[in-house]
Amino acid sequence: MAAESEKPQGLSPTDPCSYSRPDECVVTQIDLDLDVDFKTSTLKGQVHLTLKKKKEGIDHVLLDTREVTVKKVTDQANGQELSFTLGEHDSNFGSKLDVRLPSTAERSCVVSVEYETSPQCSALQWLRKEQTAGKRQPYLFSQCQAIHCRSMIPCQDTPAVKCAYSAKISAPREVTVLMSALRLGSDPHPTDSSKLIHKFEQKVPIASYLIAIVSGDIESRDIGPRSKVWSEKEMVDMAAFEFEETEHMLISAEALMGPYVWGQYDLLVLPPSFPYGGMENPCLTFVTPTLLAGDKSLANVVAHEIAHSWTGNLVTNSNFEHFWLNEGHTVFVERKIAGRLHGGEPMRHFTGIGGWKSLQYGVVDVLKNGPYTKLIPDLCGVDPDDAFSVVPYEKGFALLMYLEKLVGGPEVFEPFLRAYIERFQGDSIVTDQWKEFLFSYFKDKVDSGVFDEVEWDKWFFGQGMPPVKPDYDNSLAVPCADLCQRWVKATEDDYSLFKAEDMTALSTAQKREFLSLLLLEEPFSAEKIQAMESVYNLNAVKNSEIRFSWLRMCIRAQCEDCIPRALEFVTEQGRMKFVRPIYRDLYNWEKSRQRAIDNLQANREQMHNTTAKLVATKDLHLKN
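First, a word on what this report is: a plain description of the structure on this page.

Reading guide: rules and limits
Residues numbered from 1 in each chain as written. Predicted model: local features only at pLDDT ≥ 70, side-chain atom pairs only at ≥ 80, totals over all residues. Heavy atoms only, no water. Phe/Tyr/Trp six-rings, centres within 6.5 Å; stacked < 30°, edge-to-face > 60°. Helix = DSSP H or I, 4+ residues; strand = E, 2+ residues; numbered from the N terminus. Buried < 20%, exposed > 50% of the residue type's maximum accessible area, 1.4 Å probe, protein only. Lys NZ or Arg CZ within 6 Å of the ring centre and 35° of its normal. Pairing = 2+ DSSP bridges. Expected span 1.5 Å × (residues − 1). Contact = heavy atoms within 4.5 Å. Polar contact = N/O pair within 3.5 Å; in protein donor to acceptor, adjacent residues only side chain to side chain. Axes fitted to C-alpha atoms, helices over the stretch in contact; angles between N-to-C directions. Parallel < 35°, antiparallel > 145°, perpendicular 65-115°, else oblique. Left-handed = near helix turned anticlockwise from the far one by under 90°. Nonpolar A, V, L, I, M, F, W, Y, C, P; charged D, E, K, R; others polar. 1 Å grid on protein atoms, 1.4 Å probe; cavity = no way out; pocket = protein on both sides within 12 Å on 5 of 7 lines; lining within 4 Å. Points joined across faces, edges and corners; volume = space filled by probe spheres on them. Salt bridge = Lys/Arg side-chain N within 4 Å of Asp/Glu carboxyl O. Core = buried A, V, L, I, M, F, W, Y, C linked by side-chain atoms within 4.5 Å.

1. Here's the deal with the packing of aromatic side chains
Counted according to the given criterion, the structure contains 40 aromatic pairs. Look at Phe274 and Phe286: their rings are 6.2 Å apart centre to centre, the planes differ by 70 degrees, and that puts the pair in the edge-to-face class. In this pair, Phe274 is assigned in the loop between strand 17 (266-269) and strand 18 (278-279) and Phe286 in strand 19 (residues 284-287), connecting sequence segments 12 residues apart. Owing to a relative accessible area of 0%, Phe274 belongs among the buried residues under this scheme. Across the ring face of Phe397, the terminal group of Arg335 is positioned such that the distance to the ring centre comes to 4.5 Å. The lysine or arginine in question, Lys528, covers the ring of Phe524, its NZ or CZ lying 4.8 Å from the ring centre.

In structure tokens form, the structure reads like this:
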């Protein structure tokens with residue numbers, strides 16, 4: 001039935017980024033039946049939505065879509081077509097799909113939406129086989145966080161709604177298909193012998209942003225009793241080595257947070273254009289290949305995604321204004337996991353110090369102490385991608401670190417974390433609910449006035465840096481600070497006093513901290529940069545975190561020979577943590593500005609659409 005035209009109407013009163021009204025009618029189950037079409041770069045098929053009315057007299061359901069072609073909507077019970085209207089397109093939020101419910105529906109029903117995604121679907125990246133490592137088969141992967149699922153599936157695209165899902169995905173026999181769900185095997189396609197139908201089931205209710213799909217020439221290695229690592233075969237053995245501590249991390253996380261409920265915990269190493277360090281898709285964490293440093297030094301990213309299995313996936317922010325509930329808690333747990341495995345409390349505090357410096361850069365240099373430096377920002381009319389920053393991660397962590405000491409230390413605060421998960425698992429919550437539970441759990445502390453000193457409004461709604469800096473153990477940071485200051489104060493006559501052993505004596509984490517400290521100082525001269533390179537051979541380092549900081553130092557020193565290396569770095573991988581600051585630095589230097597713009601324009605089609613959009617509009621100040 002053809003869609004009728006409609007003027008756009010308001011967004012949800014409980015989620016400023018969604019048209020859905022789950023308070024009226026809510027999706028309780030999603031069942032997908034889709035075909036992966038590499039020729040047209042589309043997914044096509046049906047989504048079957050099980051609906052439950054929450055109020056009397058409700059005769060329609062509101063869904064989120066973005067650039068999806070809706071062909072028809074039917075009542076699954078009898079095949080009768082249902083009328084629907086598709087609202088005007090909004091560049092941030094897509095279009096509202098308003099479906100008239102079957103007249104026979106009482107409390108629940110199932111509606112089937114036949115649709116096709118756009119080749120420009122913001123949730124999906126389609127790679128030609130030439131863009132993959134093996135160059136044998138094309139590749140597809142999704143990234144639905146924050147509000148991109150609506151471009152892949154008509155749904156209630158708000159984290160306030162959590163539901164189970166199943167999927168039947170047909171794809172060419174030559175590719176493997178994985179999803180954020182348990183694998184149930186594959187069957188021959190009934191009418192096309194060149195395809196298989198892959199089956200999946202996710203029984204634990206999840207938010208829409210956690211639905212994920214990948215299809216490509218990938219294979220796996222076992223890395224634990226409940227874990228595999230997947231990637232193209234060119235990287236799979238290196239990935240298995242890099243992530244062999246995964247089971248130890250899971251056990252450590254369970255000791256803190258309770259049982260792991262998802263069954264399988266697999267890792268997928270994606271192609272280089274993946275825009276994030278990792279994505280916590282249930283059963284199948286996506287990670288960037290920039291983690292493959294060959295020395296297991298970047299395992300904190302895996303610890304972070306494992307922690308999300310509880311903080312984010314089980315207990316979820318109800319909308320993205322409260323994103324810190326997901327990310328602040330996850331960073332907090334991640335650092336506890338990493339500390340328990342390597343270095344104890346000094347290492348946990350050391351990574352917290354590094355996080356504080358990242359927060360300073362993000363708050364002061366990038367966001368200019370603006371409105372998105374609030375722990376709870378106002379996202380009315382704002383695409384959450386445009387507000388994405390380090391703030392919910394590190395400001396949220398700082399608050400939890402501060403509160404932990406305030407109530408008596410880890411032995412007092414860690415039981416609260418577990419109780420928090422047990423109380424809210426399966427729920428989507430806002431900050432007030434978290435705070436109310438904190439106060440009820442620590443009632444004795446409330447009564448004795450322990451929390452009276454906490455400036456809650458400044459923590460939640462204040463712009464700029466947090467009102468309090470946690471008291472960190474800096475024992476591991478001292479050697480980094482000492483070496484930093486030696487270089488800051490060094491004159492040309494002092495360069496011969498530096499030795500390669502200065503760096504080899506530091507752990508990889510300390511090397512990163514040393515360089516991050518230097519980035520907080522005034523830019524070095526090109527001559528001092530050359531002296532550092534002569535002693536430490538930093539241009540040859542493969543570790544992506546160290547390489548990133550070193551390139552930023554070189555750009556700030558206006559070393560012209562670093563421009564090609566910087567452009568190569570932002571082209572060979574697409575992790576926004578690295579790509580965006582490098583592009584910003586190149587833009588701020590007049591000599592490299594046009595080369596940066598030219599490089600983006602030459603490589604934009606190879607980049608993930610989210611990365612390309614933000615680099616163009618926010619970092620290079622181009623019209624999108």
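The structure having been displayed, the exposition proceeds.
2. A closer look at the pairing of strand 10 (residues 162-172)
The buried fraction of strand 10 amounts to 9 of the 11 residues, a majority that puts the element mostly inside the structure. In this sheet, strand 13 (residues 195-207) lies alongside strand 10 in antiparallel orientation, the contact comprising 10 bridges. In the strand pairing of strand 13, Ile169 is matched with His198.

3. Examining unusual backbone geometry
Omega for the peptide link from Gln145 to Ala146 comes to 10 degrees, which places this bond in the cis form. Here His621, not a glycine, exhibits a phi torsion of approximately 55 degrees, which is positive. By secondary structure assignment, the location of His621 is in the segment after helix 20 (609-619).

4. A look at the pairing of strand 17
Neither face of strand 17 is exposed, since Asp266 and Leu268 on one face and Leu267 and Val269 on the opposite face are all buried. Direction of pairing for strand 16 (residues 227-231) relative to strand 17: parallel, over a ladder of 2 bridges. Note that in strand 17 the partner of Val229 across the bridge is Leu267. Here 4 bridges tie strand 17 to strand 19, and the two strands are oriented parallel to one another. Considered in strand 19, the bridge of Leu268 is made with Phe286.

5. Considerations on helix 16 (residues 544-556)
A rise of 1.5 Å per residue sets the reference length of helix 16, with its 13 residues, at 18 Å; its end C-alpha atoms lie 18 Å apart and thus fit the reference within 8%. Helix 16 sits mainly inside the fold: 12 of its 13 residues count as buried. Taken together, the buried positions of helix 16 are occupied by Ser544, Glu545, Ile546, Arg547, Phe548, Ser549, Trp550, Leu551, Arg552, Met553, Cys554 and Ile555. Against the buried residues of helix 16 lie helix 5 (344-366), helix 14 (508-520), helix 15 (526-536), helix 17 (563-572) and helix 18 (576-588). Two to three positions downstream of the cap, the backbone nitrogen of Glu545 sits 3.0 Å from a side-chain oxygen, assigning the N-cap of helix 16 to Asn543.

6. A short note on the packing of helix 7 (residues 391-407) against helix 8 (residues 410-424)
How two helices sit against one another is set out by the angle between their axes and by the gap between those axes. Put simply, helix 7 and helix 8 touch, their axes get as near as 7 Å, and they point 120 degrees apart. When the axes of helix 7 and helix 8 are compared, the pair comes out oblique. By crossing handedness, the relation of helix 7 to helix 8 is classed as right-handed. Taken together, the residues of helix 8 that come into contact with helix 7 (itself represented by Leu400, Leu403, Glu404 and Val407) are Pro410, Val412 and Phe413. For the contact of helix 7 with helix 8, the residue count by class is 6 nonpolar, no polar and 1 charged.

7. Quick look at the environment of Leu538
With respect to the helices and strands, the residue Leu538 is situated in the loop between helix 15 and helix 16. Taking the relative accessible area as the measure of exposure, Leu538 reaches 4% and is therefore buried. Contact partners of Leu538, with chain neighbours within four places excluded, come to Met503, Met532, Glu533, Ile546 and Trp550.

8. Let's talk about the layout of surface pockets
Taken as a whole, the second largest pocket encloses approximately 890 Å³ of empty space. Lining the second largest pocket are 30 residues, and of these Pro119, Gln120, Cys121, Leu124 and Asn609 sit closest to its centre. At the level of secondary structure, the elements contributing two or more residues to the lining of the second largest pocket comprise strand 8 (124-127) and helix 20. Across the lining of the second largest pocket, the residue classes break down as 9 nonpolar, 12 polar and 9 charged.

9. Focus on empty space enclosed by the protein
Inspection of every chain in the model, using the stated rule, returns 6 cavities of 30 Å³ or more. One number sums up the size of the largest cavity: a volume of about 210 Å³. Taken together, 19 residues make up the lining of the largest cavity; nearest its centre are Phe320, Phe323, Pro384, Ala387 and Phe388. Every element with two or more residues in the lining of the largest cavity is listed here: helix 6 (384-387) and helix 7. No other element matches the 3 residues that helix 6 contributes to the lining of the largest cavity. When grouped by side-chain class, the residues that make up the lining of the largest cavity number 14 nonpolar, 2 polar and 3 charged. Here the second largest cavity is characterised by a volume of approximately 60 Å³. Lining the second largest cavity are Val27, Ile30, Cys155, Gln156, Val161, Lys162, Cys163, Ile206, Ala207, Ser208 and Ile211.

10. Examining the pattern of salt bridges
Using the criterion set out here, one finds 40 salt bridges in the structure. One salt bridge in this structure joins Lys55 and Asp23, with 3.6 Å as the shortest N-O distance. Placement of Lys55 in the loop between strand 2 (42-53) and strand 3 (60-65) and of Asp23 in the segment before strand 1 (25-37) is noted, with a sequence separation of 32 residues between them. Of the residues examined, Lys55 reaches a relative accessible area of 37% and is grouped as partly exposed. Note that Glu234 is salt-bridged to Arg136, the shortest N-O span being 2.8 Å. Of this pair, Glu234 sits in helix 1 (residues 233-242) while Arg136 sits in the loop between strand 8 and strand 9 (139-142), and the two are 98 residues apart along the sequence. Its relative accessible area of 41% is what places Glu234 among the partly exposed residues.

11. Comments concerning the nonpolar core
Of all hydrophobic cores here, the largest spans 204 residues; its most connected members are Phe243, Trp434, Trp487 and Phe514. For this core, the leading source of residues is helix 7, giving 10 residues. Leave out the neighbours within four places in its chain, and Trp434 touches Trp324, Leu325, His329, Leu399, Leu400, Leu403, Phe416, Tyr420, Ile429, Trp456 and Phe460.

12. Quick notes on helix 3 (residues 300-307)
The element helix 3 is largely enclosed, with a buried count of 7 among its 8 residues. Along helix 3, the residues that are buried comprise Val301, Val302, Ala303, His304, Glu305, Ile306 and Ala307. Of the surrounding elements, those touching the buried residues of helix 3 are helix 2 (246-257), strand 17, strand 18, strand 19, helix 4 (324-341) and helix 7.

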